[in-house]
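Chain by chain, the residues:
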Amino acid sequence: MTFPRCVLSWGPVGSARFLLLGRLVSQLPWRGSRWFSTYDVVVVGGGIVGLASARQLILRHPALRFAVLEKEKEIALHQSGHNSGVIHSGIYYTPGSLKARLCVRGAALIYEYCDQKGIPYKQCGKLIVAVKQPEIPRLQALYERGLQNNVPGLRLIGAKDIKEKEPYCRGVMALESPYTGIVNYKQVAQSYKDDFCDAGGSVLTDFEVTDIKMVNESPAGSVQGIEYPVAIKNNKGEEVHCKYVLTCAGLFSDRVSQVSGCSAEPRIVPFRGDYLVLKPEKCYLVKGNIYPVPNPRFPFLGVHFTPRMDGSVWLGPNAILAFKREGYRLCDFNARDFKEAVTYSGLHKLVLKNLSYGMGEMYRAFFLNAQLKELQKFIPELSFNDIARGPSGVRAQALDRDGNLVDDFVFDGGSGDLANCILHVRNAPSPAATSSLAISEMIASEVEERFGL
């Protein structure tokens, strides 16, 4: 287990920090080879939502002691570090829905935060392009939806204006969203962590939570079992004790919830998205984000063109079942993850409802020419020699037993004594990175209400 950066940093005042560290270590109660420390609130999960929520809570309650537990050796290693990097504007979501409100507010907060912290971003805009006449009514409906969601700067443009914005893109009409941008979300997550640590919080990495339970009795000679009634144990037998727990565990949110006695549903079913990349000499073909008009009959958006902060351009992603929750390669496999997914009735029903779409996604995953044909609908100049296989990400898709994609937040605490001390964020749906600061406000308020902070 590693101590947080904010505890072990060294500098001109190193001797003072060493004394502080000594005091901290001396206060850790020892149980043979195991140790535990105490906090008022512990956040499980060092992804962008967990870190944003921990940051928001400590800023609201600076007198309380907070810690973030992360199973990996570094933060933001999975969904937060394997996404497209797009700052979404909030066009797609049902007007008045929580998702729509959080995305629009979250985008404004992200831009403001990046300006304050000097985090680079590009407000490069997005075109949602109709390449066929039958797509125009859906595009116009999307425009009306975006207006109802108060997305700034939206306008419908014709083929001539498309060429002015994206010289190599072909389309009959497009919805322009100049407010859409790109950023490195791993850098944003690191900044959230720095804010949290600077405010006095602790980030404990390499701490994989395996058990959450109430403390039955206080350790000999102490009252900590009474004052800090929740014990969180990791796979090494180490423990931290706390008063309250918030979990934001992403791809493992269902399993972490079950550890504390909650329901197995909604189940997390992992879907991997594989990207292609434009070869560097062809990146001039794309200036901003180019997206298809979404088809409401299918559960995922479809391939699109995404410029990156490093100057590269990603193409995709597809959406296929991952055989491992953190499996970023086509051949990655985990027996438990695979069994839980393929035996789940909700996945069976989702597959049956979208069989042709799913088969097409699998085919395009193996045969690049098939994916190239989709991309050429927008940029006909693309050739097979212009593309290469790129990175992948795995999406934590919450799914109910009826085969429906869970499209909103799910909070859970279970039942019994532990339910009074724990809040699970079972689902923080896309675009969670864009909405992270707005989501953190909502989660912090929920924590305050439930636990009376």
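An unreviewed UniProt entry lists the chain under the name L-2-hydroxyglutarate dehydrogenase, mitochondrial, with Xenopus tropicalis as the source organism. What UniProt records for the chain under Catalytic activity (unreviewed entry) is the sentence "(S)-2-hydroxyglutarate + A = 2-oxoglutarate + AH2". Quoted verbatim from the Sequence similarities (unreviewed entry) field of the UniProt record, the comment on the chain reads "Belongs to the L2HGDH family."

A. Quick look at unusual backbone geometry. The amide bond that connects Glu265 to the next residue, Pro266, takes the cis arrangement and shows omega of 5°. We note that Ala76 has phi near 55°; this positive angle belongs to a residue other than glycine. Positionally, Ala76 belongs in the loop between β3 (66–69) and β4 (86–87). Judged by relative accessible area, which is 2%, Ala76 ranks as buried.

B. The sheet that holds β4, seen in detail. If you trace the three strands from one edge of the open sheet to the other, you get β4-β9-β5, paired in antiparallel fashion. This sheet does not close on itself; its edge strands, each paired only once, are β4 and β5 (121–122). With two bridges connecting them, β4 and strand β9 (residues 181–183) associate as antiparallel partners. Note on β9: the bridge partner recorded for Ile87 is Gly181.

C. Here's a closer look at the packing of helix α4 (residues 98–117) against helix α7 (residues 185–198). Packing of α4 against α7 brings their axes to within 12 Å, and their N-to-C directions diverge by 70°. In terms of orientation, α4 and α7 fall into the roughly perpendicular class. Seen along the crossing, α4 lies across α7 with a hand that is left-handed. Taken together, the residues of α7 that come into contact with α4 (itself represented by Ile110, Tyr113, Cys114 and Lys117) are Tyr185, Val188, Ser191, Tyr192 and Asp195. Of the residues contributing to the contact of α4 with α7, the split by class is six nonpolar, one polar and two charged.

Conventions and cut-offs
Residues numbered from 1 in each chain as written. Predicted model: local features only at pLDDT ≥ 70, side-chain atom pairs only at ≥ 80, totals over all residues. Heavy atoms only, no water. UniProt positions renumbered as here; feature names shortened; annotations may be inferred. Helix = DSSP H or I, 4+ residues; strand = E, 2+ residues; numbered from the N terminus. Buried < 20%, exposed > 50% of the residue type's maximum accessible area, 1.4 Å probe, protein only. Pairing = 2+ DSSP bridges. Axes fitted to C-alpha atoms, helices over the stretch in contact; angles between N-to-C directions. Parallel < 35°, antiparallel > 145°, perpendicular 65-115°, else oblique. Left-handed = near helix turned anticlockwise from the far one by under 90°. Contact = heavy atoms within 4.5 Å. Nonpolar A, V, L, I, M, F, W, Y, C, P; charged D, E, K, R; others polar.

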